[in-house]
Amino acid sequence: MEIGTARALDSEPVERIKAIVGRHYRVDDYYEVGREKIREYARAVQDQHLVHRDVAAAHDFGYPDLVAPPAFICLLGGTVQKILTDVLDGYSLTTAIQTDQTIAFARPVVAGDRLTSNLSLQSFRQAFGGDLMVVRNTVTDQHGAQVLVADTGLVARSAPTERDRAIAGALTALVRGDVVSAAGPMSTYTPISDTRWPRPQPRPSRYALPLAAVAVGTELPPRSVEVSLGDLVNYAGVSGDPNPIHWHADAARMVGLEHGVIAHGMLSMAFGAAFVTSWLGDPGAVRHYSVRMTSPVRLLDNARARIEFGGRIKSIDPESRTAVVALTASQGGAKIFGRATATVQLC
């Protein structure tokens, strides 16, 4: 999450927030996907598949240009937060915690796409001393067709305490001001009522695993990923997430992370996606990806962290030629992911 500045709320913030559940807003400008950004992001998430960096390989796989890794959509997160904060009339998301992320793909993102975010607050309720909400970003392309739908689960507080405000101010002071407060065309939006976005039919893949090669219970080859403080600094810049708890040990301890910095949740999710697609063979054949965040990846005293990934085939649908993969991710035996699944297209 991007660092923001808490603003004063009126006496009934919760009722105002509930009133906008289900309303939709379109970002006024688009995000144009470039080849170098795809390559940069793929390097940052340690995804080595050729379709992310070699145009000829992408063409061979049947794509018009480079294919973005599945979690690439996180690059729109800063815009989403800016607009959501405005829509929620100053509700501070500074200390919000991401709990879940689900991405349903109509097709993969490719270089040259002009992506438009269509935002809505899907749900809002108060429980366990916090505010639980789900934010939806329906991403459409230059033709108005749906590319993907991303649902993000958050836990926040409608009434920040003095300590929350002090922490927000201290964290903001660590980040360049033009990074925190940058506005621009993608910070404006328009309410919309027409939410009928055409959805393309899934394309078959020539390079994904064949249906006959998998069975319920099949184990994916395990994979481990190492991440350093330098990797987190690099990812913060590539993804546009400057929150210092991911690169500044004192900032992390300020918010109660006594062991120091933690990896971005979307970075861990991207590592998991790369684990699946390296086995699957075709990154564009992921149809659905969902992760519940259980625990962050911790870099104890800024040392390198090692994440172990595993998976198995949970179910197979012969008619649609799809399989559901149940994923695991752990660090030193501690679970990073709770319930995590990927639905993949087989050939």
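Residues numbered from 1 in each chain as written. Predicted model: local features only at pLDDT ≥ 70, side-chain atom pairs only at ≥ 80, totals over all residues. Heavy atoms only, no water.

Engineer: What am I meant to see in the overall build of the protein chain here?
Structural biologist: Along the protein chain, the regular secondary structure elements total 9 helices and 13 strands. Across the 347 residues of the protein chain, 53% fall into the buried class. Sequence-distant contacts in the protein chain: of pairs separated by 6 or more residues, those separated by 24 or more amount to 75%. Accessible surface for the protein chain amounts to roughly 15200 Å². Of this, 53% is attributable to carbon and sulfur atoms. (Helix = DSSP H or I, 4+ residues; strand = E, 2+ residues; numbered from the N terminus. Buried < 20%, exposed > 50% of the residue type's maximum accessible area, 1.4 Å probe, protein only. Contact = heavy atoms within 4.5 Å. Areas by Shrake-Rupley, 256 points an atom, 1.4 Å probe, with all protein chains shown as cover.)

Engineer: What exactly am I supposed to notice about helix H4 (residues 77–87) here?
Structural biologist: In an α-helix, one turn spans 3.6 residues; hence positions three or four apart end up facing the same way. Counting buried residues along H4, 8 of its 11 residues qualify, which places the element largely inside the surrounding structure. Every buried residue of H4 is listed here: Gly78, Thr79, Val80, Gln81, Ile83, Leu84, Thr85 and Val87. Once H4 ends, the next one or two residues include aspartate 89, with phi positive near 55°.

Engineer: Teacher, can you tell me more about the nonpolar core here?
Structural biologist: In this structure, Tyr41, Phe72, Leu148 and Tyr289 are the most contacted members of the largest nonpolar core, which totals 66 residues. Looking at this core, the element that brings in the most residues is helix H9 (residues 265–280), giving 10 residues. When neighbours within four sequence positions are excluded, tyrosine 41 is seen to be in contact with Pro69, Ala71, Phe72, Cys74, Leu75, Tyr235, Val238 and Ala270. Membership of the second largest hydrophobic core comes to 20 residues, among which are Tyr25, Val27, Ala96 and Val135. (Core = buried A, V, L, I, M, F, W, Y, C linked by side-chain atoms within 4.5 Å.)

Engineer: I'm lost on H9 in this one. Help?
Structural biologist: The end-to-end C-alpha distance of H9, which contains 16 residues, comes to 23 Å, matching closely the 22 Å that a straight helix rising 1.5 Å per residue would cover. Most of H9 sits inside the fold, with 14 of its 16 residues counted as buried. (Expected span 1.5 Å × (residues − 1).)

Engineer: Teacher, can you tell me more about unusual backbone geometry here?
Structural biologist: A negative phi angle is the norm for most residues apart from glycine, just as the trans form is the norm for most peptide bonds. Notably, glutamine 46 is not glycine yet its phi reads approximately 55°, a positive angle. Mapped onto the elements, glutamine 46 comes out in the loop between helix H2 (35–44) and helix H3 (55–60). Residue class for glutamine 46 comes out partly exposed when judged on its relative accessible area of 22%. Not every positive phi belongs to a glycine, and arginine 321 is a case in point at roughly 55°. Mapped onto the fold, arginine 321 is located in the loop between strand E10 (305–317) and strand E11 (322–331).

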